[in-house]
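Spelled out from the first residue to the last, the chains are:
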Amino acid sequence: LWRRAYRVFDETHAFARDLLLAKGTDLTDYELGHAAEEFGTNLIMKGIKRDGAPHTAVGISLGVGVRTGRGTAYPHPNQFHHSRIKKGDALQIAGGVRIGGCGGELYRAFLLAPWTDHQKKVWTVSRDSCLMQKDLSREGVACSTVAYQIHKHQVKEGVAKYVYHRPAHGMGMEGHQMPYLALGDYTMLEPGMIFSVEPGLYDTENGFGVNFSDGFAVQNGGKPSLQMSRLPWSEEWCLVTL
């Protein structure tokens, strides 16, 4: 069910990116998010048997949120996002999906040309930290060790002032749950644990932020984590010209 949910969200994200490229600055972030949410909901419900009776089609949700420009500069912001998409913005397509309670987060962080060297640097460090998390999150490694190595890389790259939260939280039926990839969590990683992917960076002074997410599942035998989605992390996918 986890993989099935993520397959739906893969297609939903691809739809949202295609719509962004096609209509660009004619859209608000609100319009883009809701168009993607409608597409994804229709897609997920094609495969769900339902008759309106109790205990059928339960535990199903798909939500897409898009924010652009200054709204990306804050983790878990409380403001309503309804802004025109503009060239030079950072933009985030985010959300979560569940079937029968199984599923999780999937975000991608975009830069819309023309971006600055500073924006590109912050985007690259955040993206590379995500890939580090995938490689570091192995059976028998402590959560705190993964977090330390990621934060060490962020500090080395000179972006420590943009760090606002831990790299990841556990994902399960509760959504956000223990254990956490955080400096104070010494839990040892075990096969089957699934984490979000959020070594985000937020530059409130310059009005932009970069936060990816996905689902990384710890595997047996000390192998790198398994990525739940099939979405790329590449510049080709995320750095776009409208």
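### Side note on the overall build of the protein
The helix and strand tally for the protein stands at five helices and 11 strands. The C-alpha radius of gyration computed for the protein amounts to 18 Å, which stays within 12% of the reference 18 Å derived for 242 residues, consistent with globular compactness. If you line up the protein on its principal axes, its C-alpha atoms span 50 × 45 × 30 Å. Counting over 242 residues, the protein shows a buried share of 51%. In the protein, the share of contacts with a sequence separation of at least 24, taken over all contacts with a separation of at least 6, comes to 70%. When the accessible area of the protein is evaluated, it comes to approximately 11100 Å², of which 53% is carbon and sulfur surface. Once the 26 positive and 25 negative side-chain charges of the protein are each reduced to a mean point, those two points are 2 Å apart.

### A short note on the environment of isoleucine 93
Among the secondary structure elements, isoleucine 93 is positioned in strand S2 (residues 90–98). Sequence separation between isoleucine 93 and threonine 72 is 21 residues, and the spatial gap between their C-alpha atoms is 10 Å. Setting aside its immediate chain neighbours within four residues, isoleucine 93 contacts His13, Ala16, Arg17, Val64, Gly65, Val66, Leu106, Tyr107, Arg108 and Phe110.

### Here we look at empty space enclosed by the protein
Think of a ball as big as a water molecule: rolled over the atoms, this probe shows where empty space is left. Applying the stated criterion across every chain, the model contains one cavity of 30 Å³ or more. Counted as a void, the largest cavity has a volume near 40 Å³. In terms of lining residues, the largest cavity is bounded by Arg67, Thr72, Leu91, Gln92, Ala109, Tyr202, Gly209, Val210 and Asn211. Secondary-structure elements contributing two or more residues to the lining of the largest cavity are S2 and strand S8 (208–210). Here the lining of the largest cavity is composed, by residue class, of four nonpolar, four polar and one charged.

What counts, and where the lines are drawn
Residues numbered from 1 in each chain as written. Predicted model: local features only at pLDDT ≥ 70, side-chain atom pairs only at ≥ 80, totals over all residues. Heavy atoms only, no water. Helix = DSSP H or I, 4+ residues; strand = E, 2+ residues; numbered from the N terminus. Rg over C-alpha atoms; globule rule 2.2 N^0.38 Å. Buried < 20%, exposed > 50% of the residue type's maximum accessible area, 1.4 Å probe, protein only. Contact = heavy atoms within 4.5 Å. Areas by Shrake-Rupley, 256 points an atom, 1.4 Å probe, with all protein chains shown as cover. Lys, Arg positive; Asp, Glu negative; His and termini not counted. Charge placed at Lys NZ, Arg CZ, Asp CG, Glu CD. 1 Å grid on protein atoms, 1.4 Å probe; cavity = no way out; pocket = protein on both sides within 12 Å on 5 of 7 lines; lining within 4 Å. Points joined across faces, edges and corners; volume = space filled by probe spheres on them. Nonpolar A, V, L, I, M, F, W, Y, C, P; charged D, E, K, R; others polar.

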